[in-house]
Amino acid sequence: MFSDIGALELVTLVVLAVLVFGPDKLPKVIQDVSRFIRKIREFSDSAKQDIRSELGPEFKDFEFEDLNPKTFLRKQLESNEDLKELKELRGTFDLKKEMNEVADAVHGRETAPASSAAPAAVNGSPDLLKKQDKRDDPGTAERPPYDSDAT
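Colleague: Looking at this structure, how should I read the overall build of the protein?
Modeller: Scanning the protein for helices and strands turns up 4 helices and 2 strands. Ordered by position in the sequence, the α and β elements of the protein form the string α-α-α-α-β-β. The buried share of the protein, reckoned over its 151 residues, is 6%. Summarising the internal contacts of the protein: among those between residues at least 6 apart in sequence, 10% fall at separations of at least 24. If you sum the accessible surface of the protein, you get close to 14,400 Å²; carbon and sulfur atoms cover 59% of it.

Below, the structure is given as structure tokens:
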């Protein structure tokens, strides 16, 4: 019940309870709260038993936890034989490799090492995925410097 409360938080709650209720009334408040929680649990258990008895013998294995969507889906998937195929498919898919391939394609890098330094032309047209280096292309002149007065 208190698995996510740390030691410092627990000490803070105790100090706060002592300040709010006082050291004289604190044991009585703790007894009242524990009695209230016990009654709520008993009421919940009796309501579950009443519902199970009203549903009849065909629902004797019915659990209220199965009404939780996560539990229901997990139970259905475990009983399904397609889960094995899904696990096999999941094992063959390497997300890291796929993401690296996509990043290489976006940045214009080849996944296999290139055989030549110059950009390859396919059917007479340059490869647009590769970056062209100005030093490799002698026909391209450098851009003139920007003149802010001219514009």
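From this point, things continue past the structure.
Colleague: Just to check I follow, could you spell out helix α4 (residues 95-107) for this structure?
Modeller: Counting along an α-helix, one turn takes 3.6 residues, and residues three or four places apart therefore face a common direction. If you check α4, its first and last C-alpha atoms are 18 Å apart, about what 13 residues at 1.5 Å a residue would give, namely 18 Å. Note on α4: the residue one or two positions beyond its end, Gly108, has a positive phi of about 80°.

Colleague: Explain the environment of Glu63 here, please?
Modeller: Relative to the helices and strands, Glu63 is located in the loop between α1 (7-55) and α2 (69-79). Expressed as a C-alpha distance, the spacing of Glu63 and Arg52, which sit 11 residues apart in the sequence, is 9.0 Å.

Colleague: What is the right way to read α1 from this model?
Modeller: With 49 residues, α1 ought to run about 72 Å at 1.5 Å a step, yet its terminal C-alpha atoms sit only 45 Å apart, falling short of that. Considering bend angle alone, the principal kink of α1 is centred on Lys25 and spans about 100°; proline Pro27 follows within four residues of it. Directly beyond the C-terminal end of α1, a positive phi value near 105° is found at Gly56.

Colleague: Looking at this model, I keep getting lost on the environment of Arg35. Mind explaining?
Modeller: Position of Arg35 among the secondary structure elements: in helix α1. A distance of 3.2 Å separates the side chain of Arg35 from the side chain of Asp32, its partner in a polar contact.

Colleague: For this particular structure, what's the right way to read the confidence of the model for the protein?
Modeller: In low-pLDDT regions, the fine details of the predicted coordinates are not to be read closely. Taken residue by residue, the protein gives an average pLDDT of 76. The fraction at 70 or more is 73%. Confidence, read as mean pLDDT per element, is least for strand β1 (residues 121-122) in the protein (49) and greatest for α1 (91). Contacts from residues 113-122, a stretch scored under 50 in pLDDT, to residues over four places away or in other chains number 8 contacts.

Colleague: Got a minute to help me understand a nonpolar patch on the surface in this structure?
Modeller: A cluster of nonpolar side chains, namely Leu10, Leu13, Val14 and Val18, defines an oily patch on the protein surface of about 330 Å² accessible area. Mapped onto the fold, Val14 is located in helix α1. Taking relative accessible area as the criterion, Val14 reaches 46% and is therefore assigned partly exposed.

Definitions and cut-offs
- Residues numbered from 1 in each chain as written.
- Predicted model: local features only at pLDDT ≥ 70, side-chain atom pairs only at ≥ 80, totals over all residues.
- Heavy atoms only, no water.
- Helix = DSSP H or I, 4+ residues; strand = E, 2+ residues; numbered from the N terminus.
- Buried < 20%, exposed > 50% of the residue type's maximum accessible area, 1.4 Å probe, protein only.
- Contact = heavy atoms within 4.5 Å.
- Areas by Shrake-Rupley, 256 points an atom, 1.4 Å probe, with all protein chains shown as cover.
- Expected span 1.5 Å × (residues − 1).
- Bend = angle between axes of the 7 residues up to and from the residue.
- Polar contact = N/O pair within 3.5 Å; in protein donor to acceptor, adjacent residues only side chain to side chain.
- pLDDT = per-residue confidence, 0-100.
- Patch = residues over 30% accessible without salt bridge, like charges linked within 9 Å, V, L, I, M, F, W, Y side chains within 5 Å.
- Salt bridge = Lys/Arg side-chain N within 4 Å of Asp/Glu carboxyl O.

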